[in-house]
Amino acid sequence: MSTSLRMLPGPVMVAAGCGGTGRELLPFAGPTGLEGLDLVTRSITLDPRSGGTGPRVEEVSGGLVNAVGLPNPGLEHFLATELPWLVRAGARVFVSVAGATMGEYADLARRLSRAPGVAGLEVNVGAPDEAGAGLFEVREPYHAASVIAAVRREFPSDRPVLAKLRPDVSRVLEGARACHEAGATAVVVGNAVPAAFRDGRAGGLSGPAVSPVALRCVAEVHHALPALPVIGCGGVHDLASARSFLDAGAVGVQVGTALLHDPTTVARLRADLLPAAPPPPEETP
Ligand SMILES: Cc1cc2nc3c(=O)[nH]c(=O)nc-3n(C[C@H](O)[C@H](O)[C@H](O)COP(=O)(O)O)c2cc1C
């Protein structure tokens, strides 16, 4: 296996923002708890964010529309409380980072590079509506790549930097190529799809409804860039939906919205997809 593949998380990860702080998942995580669980944190910003006002989530057929607005306690608080807890619980922690400026992304990467227990970073360059969320505008692949390069410069080269892209079929390949050239170890394809609540407010659609779109994006990226590891994300909720991403060339999947319906989903998928541990050697008398 190549070095970059060995650096990557396992075949099933918790998607950003959908596993709470990790504590909420613990009762549903199975007999080994969070031990060895590849978990992407909610997106962490330099300063605390209270998140969106108004109803944040609306159920629609096949998924959810959300405008959660990346609520998080900010980097200082995350480093002092949430990260140490996750590390003690045995999770492999991938910190999702989001910034208002390129400088903020670099600062987040530099400070997280010194924090014990950070397995890797996931850079959120695929939010459904960056400008509306007060984030650095990365709609252009060139801008997304500049963010990845800034993060890569500050984060040790032996730990992965994942670029999380929007599942925009018309531009995902361009984005993946640019982020790969900028130093991303792998791409996560994709995020929630730009959508609207029934009252017209902007939001992001997630859940099984987005799966076919994300699947098409994964297949196109894998076909054009076979050396770039792709992690599929969008509507994974059972073994068949996970397998469809793996069959399209993904090295792994992330599970988001399904956890809000059934928090045992990741534990079940890990049991199905992780190779069974070899039996213990027989004792010799
Ligand atoms: C309630 C909620 C909160 C989310 N928070 C984040 C976040 O903080 N950062 C991020 O990159 N993606 C976030 N996402 C997007 C998910 O990680 C995932 O990419 C998207 O929902 C598609 O996957 P799914 O259909 O399995 O949910 C969030 C999604 C939901 C539904």
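Residues numbered from 1 in each chain as written. Predicted model: local features only at pLDDT ≥ 70, side-chain atom pairs only at ≥ 80, totals over all residues. Heavy atoms only, no water.

Where an unreviewed UniProt entry is consulted, the protein appears under the name Dihydroorotate dehydrogenase catalytic domain-containing protein, with the organism given as Nocardioides flavus. In its Cofactor (unreviewed entry) section, UniProt records this for the protein: "FMN". You can read under Pathway (unreviewed entry) in the UniProt record for the protein the words "Pyrimidine metabolism; UMP biosynthesis via de novo pathway." (UniProt positions renumbered as here; feature names shortened; annotations may be inferred.)

Turning next to the layout of surface pockets. A volume near 910 Å³ is recorded for the largest pocket. Around the largest pocket, the lining comprises 42 residues; the ones closest to its centre are N66, V68, L70, N191 and A192. It is strand β10 (residues 202-206) that contributes the most residues to the lining of the largest pocket, 5 residues altogether. Here the second largest pocket defines a volume of roughly 210 Å³. Taken together, 15 residues form the lining of the second largest pocket, with R139, R166, D168, R171 and V172 sitting closest to its centre. (1 Å grid on protein atoms, 1.4 Å probe; cavity = no way out; pocket = protein on both sides within 12 Å on 5 of 7 lines; lining within 4 Å. Points joined across faces, edges and corners; volume = space filled by probe spheres on them. Helix = DSSP H or I, 4+ residues; strand = E, 2+ residues; numbered from the N terminus.)

Following the sequence through the fold, Q254 ends up in strand β12 (residues 252-255). There is a polar contact of 2.9 Å between the side chain of Q254 and the side chain of E122. Discounting chain neighbours no more than four positions away, the residues touching Q254 are M13, A15, A16, V40, E122, V188, I231, G232, C233 and V236. (Polar contact = N/O pair within 3.5 Å; in protein donor to acceptor, adjacent residues only side chain to side chain. Contact = heavy atoms within 4.5 Å.)

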